[in-house]
Number of protein chains: 2
Amino acid sequence: MDDILRLELSELRSLALEALLGVGCSRDQADAIAEAVTRAEGDGAHSHGLFRVPFYARVIRESEAVPDARPVLRELAPGVIQIDGGMGFAPLAHRVGLPELVRRARSQGIAALALRNVFHIGALWHEVEALTSEGLVGLAFTTSISHIPPAGGARPLYGTNPMAFGWPRAKGPPVIFDQASSASARGEILLHQRAGKPLPEGWAVGPDGAPTTDPAEALAGAQLPFGGYKGASIALMVELLAGALIGDLFSFESAERDRAGIEVGPGGEFVIALDPGRCLAERSPADQAAHAERLFQRILDDGEARLPGQRRYEARARSQKEGVEVPRALAEEVRALARGARGA
Amino acid sequence: MDDILRLELSELRSLALEALLGVGCSRDQADAIAEAVTRAEGDGAHSHGLFRVPFYARVIRESEAVPDARPVLRELAPGVIQIDGGMGFAPLAHRVGLPELVRRARSQGIAALALRNVFHIGALWHEVEALTSEGLVGLAFTTSISHIPPAGGARPLYGTNPMAFGWPRAKGPPVIFDQASSASARGEILLHQRAGKPLPEGWAVGPDGAPTTDPAEALAGAQLPFGGYKGASIALMVELLAGALIGDLFSFESAERDRAGIEVGPGGEFVIALDPGRCLAERSPADQAAHAERLFQRILDDGEARLPGQRRYEARARSQKEGVEVPRALAEEVRALARGARGA
């Protein structure tokens, strides 16, 4: 157990914050990233947690990312606002845009936030959870780097393009899903490779376009969308919403900008917020919420079925009480960044 | 070829219209349905085409559907309008709401249409194509009748819940997908049953919850979502958007209202419209459209890859020139409805 460290979430957050400041982030950028990383770690999503801090350092060093960028808000229409992230990171851009998005969703019933010129490295569910915390319904979409071929094609074009959706609940945590358009996360393929295990069928094709269960072949080839051509349709929709619609890059264009091959580039994100109280007239908001609960109860009544996000909330409850365990080597690496080392 | 009839689309439309009037539809309801049925037939979607007219007759006879309902428009918020369909059919409700939805999308940047108390029997892509024809981006969601279990569950809860998305194009038809949340359409299972063919793996489970390739077992059991739990997430989102959000029924509630077991019940539909010109500031709409075309070109450059909807547009071009073929028996059945027969 000596190689594992137990940290309170507040300690982990400070550790991340100091490291991000150490690698050149402004206090605002560092604070927003540290919050995102801490929440992910607390929710059991280690791949978005402290592990990501050395990666942020690398992105700052090897890409166009601007670690002290100041996001700028602009109104595009009564229901649409834009944040230009100035090539900084998504957490701060989203934090700056959120209050205005919430205000507009309440006054207009539905509103959208176009995040441009950001580096999106973290989890997308934070964005929709920020909306559900305000009693709003949220949808979020972001592109990434080309890994998925179009339906019927063989060459990587779409990113793993996650889409997230959230529904607020009066009692207990919101119902949120945040899922990639690929059958598997890229990180899962890397984990299989590290463990020397073959991939499940249906995850990937090799460089020759033929199905493969070999992680190395998969990484050199393309990841398959979930559910065949239907998942590819979702990936295409994400490209259009978070790319062309808001005047930002497609995943293949982000990939072209990723000269160092670090698997992240500048891009956009699109968020839609709905005020459920403004979407119906015949029922009170309380009745509307109770109606949704009847669906959730049906789900929970069906044997092994669970609501999306339940595992995250269980991890969250645990880590708020007991803190989290992180590899000592990772904590040391992050601590070194705070002292001015250059990162992974 | 004697049992097949070739009809111009205008003839097919008249045939459908007269039949719908014959079974009690008001002229407005009948005209909107006849248009939807004709477009589906012309697009090669026979299961939503003339074939559906006797089914409309049956729905009118055996459900709460009100064939002469007048949809009522109401503003819920600057960006949200509601159409109460009065238990009529979706095509007229959508037709009544469309101009106001388009106006609001242009003035607000983003707007939503909540269709309540409608029977939705047709294809969802018409709704988004109506938006793309106005240069708007569209999303549409509708519930159906419980056929899909929740992730990890075994009992039907969600409907086959289609979701449609459309992107307008300056030249040529829009890019539109319209896809069920189930791995297969219910009609495809029926076709396999009729042909005495086993189902592909992954489409369904039997009443015992175990995977099956037997169509009868599948129809008595449950249809699987596309792409496993991720497709189930999409189905859940559709339930919440087209159900609780707008104060309408979930698929399991629609199923409870379907006392005659005709596989359709009253329900809701949710449509989001975006004006792409209001979602960015740095590019002209022409540059925005050209940007999207670069993505489409990449798709088309990849061997066998196609844009969603291409097959429909090819069928449309053919049927506009050559008309469509329909079984003579079906045409006779529809003709009989016009003369006052009671329908299938």
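Values in this document were obtained by computation on a predicted structure and should not be read as measured data.

J.: I would appreciate a short explanation of the packing of helix α8 (residues 229–244) of chain A against helix α10 (residues 285–300) of chain B in the present structure.
T.: Helix-helix packing is characterised by the crossing angle of the two axes and by the distance between the axes. At a closest axis distance of 11 Å, the pairing of α8(A) and α10(B) adopts a crossing angle of 150°. What the angle tells us is that α8(A) and α10(B) run roughly antiparallel. With respect to the hand of their crossing, α8(A) and α10(B) are arranged in right-handed fashion. Residues L236(A), E239(A), L240(A) and A244(A) of α8(A) lie in contact with α10(B), whose contacting residues are Q288(B), H291(B), A292(B), L295(B), F296(B) and I299(B).

J.: Would you explain the sheet that holds strand β8 (residues 204–205) of chain A in this entry?
T.: Picture the strands of a sheet paired through backbone hydrogen bonds; they go either parallel or antiparallel. Residues and elements named next belong to chain A. Strand order in the open sheet formed by three strands is β9-β8-β10, and the pairing between neighbours is antiparallel. With one partner strand each, in any of the chains shown, β9 (211–212) and β10 (222–223) form the two edges of the open sheet. In this sheet, β10 lies alongside β8 in antiparallel orientation, the contact comprising two bridges. Residue V205 lies in a different strand from β10, and its bridge partner there is A222.

J.: Can you walk me through the relation of the copies chain B and chain A in this structure?
T.: Relating one copy of the chain to the other requires a rotation about an axis plus a shift along that axis. Structural alignment of chain B on chain A gives an RMSD of 0.0 Å, achieved by rotating through 180° and translating 0.0 Å along the axis. The transformation just described matches what one would write down for a two-fold rotation axis. Relative to the rotation axis, the closest C-alpha in chain B is found at G227(B), a distance of 1.8 Å. Here 99% of the contact residues of chain B are again contact residues in chain A; the copies associate through an equivalent surface.

J.: Teacher, can you tell me more about the pairing of strand β3 (residues 80–89) of chain A here?
T.: It is a general feature of regular strands that their side chains alternate between the two faces of the sheet. Residues and elements named next belong to chain A. With eight of ten residues buried, β3 is to be regarded as a mostly interior element. Direction of pairing for strand β2 (residues 72–77) relative to β3: antiparallel, over a ladder of five bridges. When the sheet's bridge partners are listed, V72 is paired in β3 with D84. Relative to strand β4 (residues 110–119), β3 runs parallel, the two sharing seven bridges. Pairing of I81 across the sheet is with L113, part of β4. Remark: the β3/helix α4 (residues 90–108)/β4 crossover connection has right-handed handedness.

J.: When you look at the interface of chain B and chain A in this model, what are you seeing that I'm missing?
T.: Many structure descriptions define interface size as the accessible area lost when the parts assemble. Listed as interface residues are 80 residues of chain B and, on the opposing side, 79 residues of chain A. Among the residues chain B hides against chain A, the three largest losses belong to K230(B), L245(B) and L295(B). Together they make up 11% of the total. Applying the counting criterion to the chain B and chain A interface returns six salt bridges. Summed over the shared surface of chain B and chain A, the number is 28 residue pairs in polar contact (both at pLDDT 80 or more). Per-element tally for the side of chain B that touches chain A: the top contributor is helix α8 (residues 229–244) of chain B, with eleven residues.

J.: Quick question: what am I supposed to make of the packing of aromatic side chains here?
T.: The relative placement of two aromatic rings is captured by the distance of their centres and the angle of their planes. Summed over the entire model, instances satisfying the criterion amount to nine aromatic pairs over all chains. Considering the side-chain rings of F226(A) and F226(B), the 5.3 Å spacing of their centres and the 15° angle between planes classify their relative orientation as stacked. Taken together, the positions of F226(A) in the loop between β10 and α8 and F226(B) in the loop between β10 (222–223) and α8 put the pair across two chains. In this structure an aromatic cluster arises from ring pairing among Y56(A), F89(A) and F119(A). Against the face of W125(A) rests R312(A), its NZ or CZ located 4.1 Å from the ring centre.

Rules behind the numbers
Residues numbered from 1 in each chain as written. Chains lettered and ligands numbered in written order. Predicted model: local features only at pLDDT ≥ 70, side-chain atom pairs only at ≥ 80, totals over all residues. Heavy atoms only, no water. Axes fitted to C-alpha atoms, helices over the stretch in contact; angles between N-to-C directions. Helix = DSSP H or I, 4+ residues; strand = E, 2+ residues; numbered from the N terminus. Parallel < 35°, antiparallel > 145°, perpendicular 65-115°, else oblique. Left-handed = near helix turned anticlockwise from the far one by under 90°. Contact = heavy atoms within 4.5 Å. Pairing = 2+ DSSP bridges. Least-squares fit on C-alpha atoms with pLDDT ≥ 70 in both. Buried < 20%, exposed > 50% of the residue type's maximum accessible area, 1.4 Å probe, protein only. Right-handed = clockwise from strand over helix to strand, strands pointing away. Buried area = accessible area lost by both parts, 1.4 Å probe. Salt bridge = Lys/Arg side-chain N within 4 Å of Asp/Glu carboxyl O. Polar contact = N/O pair within 3.5 Å; in protein donor to acceptor, adjacent residues only side chain to side chain. Phe/Tyr/Trp six-rings, centres within 6.5 Å; stacked < 30°, edge-to-face > 60°. Lys NZ or Arg CZ within 6 Å of the ring centre and 35° of its normal.

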